[in-house]
Amino acid sequence: MELERRKFRRARKQRSILISVLSTLVFAAVIVIVLVNSPGWSRVSETFFDPRVAIDSFPRVIKGLWLNIQVLFVAAIGVAVLGTLLAIVRTLKGAVFTPLRLIAAGYTDLFRGIPVLLVLYLVGFGIPGLELTGRLPAQFWGTIALILCYSAYVAEVLRAGIDAVHPSQRLAARSLGLSHAKTLRLVVLPQAVRKVTPALMNDFVSMQKDVGLISVLGAVDAVRGAQIEVASSYNFTPYVLAGLLFVLLSLPFIRLTDWVTARAQRREQMGGVV
């Protein structure tokens, strides 16, 4: 009977895959036919999908994308550090920590409510206007703005993971003689991060996209490089090229996020499937 069940499941799975492939091909064919037969397709294809313009603008756009990658790397480290500290502060117990908890709560509420673009303007143009430091590149202030914004999101995700760890884990660790700091570092945080890994990875994917917003401060990244090429060629193909490069940059991590989410789901449902 078990062999028959497995055979039936394999047949249903193959049938589902075949139907999925056929429906996807049909849908894609319909979209292509509608686009190609639209009245303005020739004009749109010349304006947005010109291979010659894409090849000519590729060096400048890819050079700008390297700046985006550098900003993303530094911002990811800063967000991980600041977000973790905020999450820990928000979970501190005791009346003496009330001011710290209020500051952390106000920070997360503030930067989760302000759009990233406005934070970029305020940080990139407001802080330099105070003349507290010398002249710094635009990508520096863009990185600071991204860290400020995404630390608030990551802090709330981590706080939810910390709160999801059963109190018995803390009590067991303290009964073994571990201090509060060691309990948090060795017992609570590893479990919390494991619980919210998919959400953290989604925040990282979102930050990959928002890195392109540093162009509003004047940084010559992929978006600004594409804008320069558009201004010189009067063709929007460089924007499409920059968008494709951002997709290629995000795609591996998106697939990794899906794999981690599916693995966590299988682990939670283990033993529940007959």
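Coordinates for the structure precede this section.
Here the structure is a predicted model, which means the values were calculated and not measured.

A tally of regular secondary structure across the chain gives 11 helices and zero strands. The linear arrangement of helices and strands in the chain, starting from the amino end, is α-α-α-α-α-α-α-α-α-α-α. The C-alpha radius of gyration computed for the chain amounts to 25 Å, which surpasses the reference 19 Å derived for 274 residues by more than 25%, pointing to a less compact arrangement than a globule. With respect to the three principal axes, the spread of C-alpha positions in the chain is 80 × 70 × 25 Å. Within the span of the chain, comprising 274 residues, buried residues form 33% of the whole. For the chain, the share of sequence-separated contacts (at least 6 apart) that also reach a separation of at least 24 residues comes to 76%. Of the roughly 17,400 Å² of accessible surface on the chain, a fraction of 68% belongs to carbon and sulfur atoms. The average position of the 30 basic charges and that of the 15 acidic charges among the side chains of the chain differ by 12 Å.

Now for helix α5 (residues 116-129). Between the first and last C-alpha of α5 there are 19 Å, a value that for 14 residues agrees with the 20 Å anticipated at 1.5 Å per step. Every buried residue of α5 is listed here: Val116, Val119, Leu120, Val123 and Gly124.

Right, let's get into the pattern of salt bridges. Taken as a whole, this structure holds seven salt bridges when the rule is applied. Close ionic contact of arginine 159 with glutamate 156 constitutes a salt bridge, the shortest N to O distance being 2.9 Å. Residue arginine 159 and its partner glutamate 156 are located together in helix α6 (residues 138-164), separated by three residues, close to a single helical turn. Look at arginine 159 and you get partly exposed, because its relative accessible area is 24%. When its relative accessible area of 13% is taken as the criterion, glutamate 156 is described as buried. Taken together, the salt bridges that share partners define one network made up of Arg90, Asp109, Arg112, Glu156, Arg159 and Asp163.

The rules we used
- Residues numbered from 1 in each chain as written.
- Predicted model: local features only at pLDDT ≥ 70, side-chain atom pairs only at ≥ 80, totals over all residues.
- Heavy atoms only, no water.
- Helix = DSSP H or I, 4+ residues; strand = E, 2+ residues; numbered from the N terminus.
- Rg over C-alpha atoms; globule rule 2.2 N^0.38 Å.
- Buried < 20%, exposed > 50% of the residue type's maximum accessible area, 1.4 Å probe, protein only.
- Contact = heavy atoms within 4.5 Å.
- Areas by Shrake-Rupley, 256 points an atom, 1.4 Å probe, with all protein chains shown as cover.
- Lys, Arg positive; Asp, Glu negative; His and termini not counted.
- Charge placed at Lys NZ, Arg CZ, Asp CG, Glu CD.
- Expected span 1.5 Å × (residues − 1).
- Salt bridge = Lys/Arg side-chain N within 4 Å of Asp/Glu carboxyl O.

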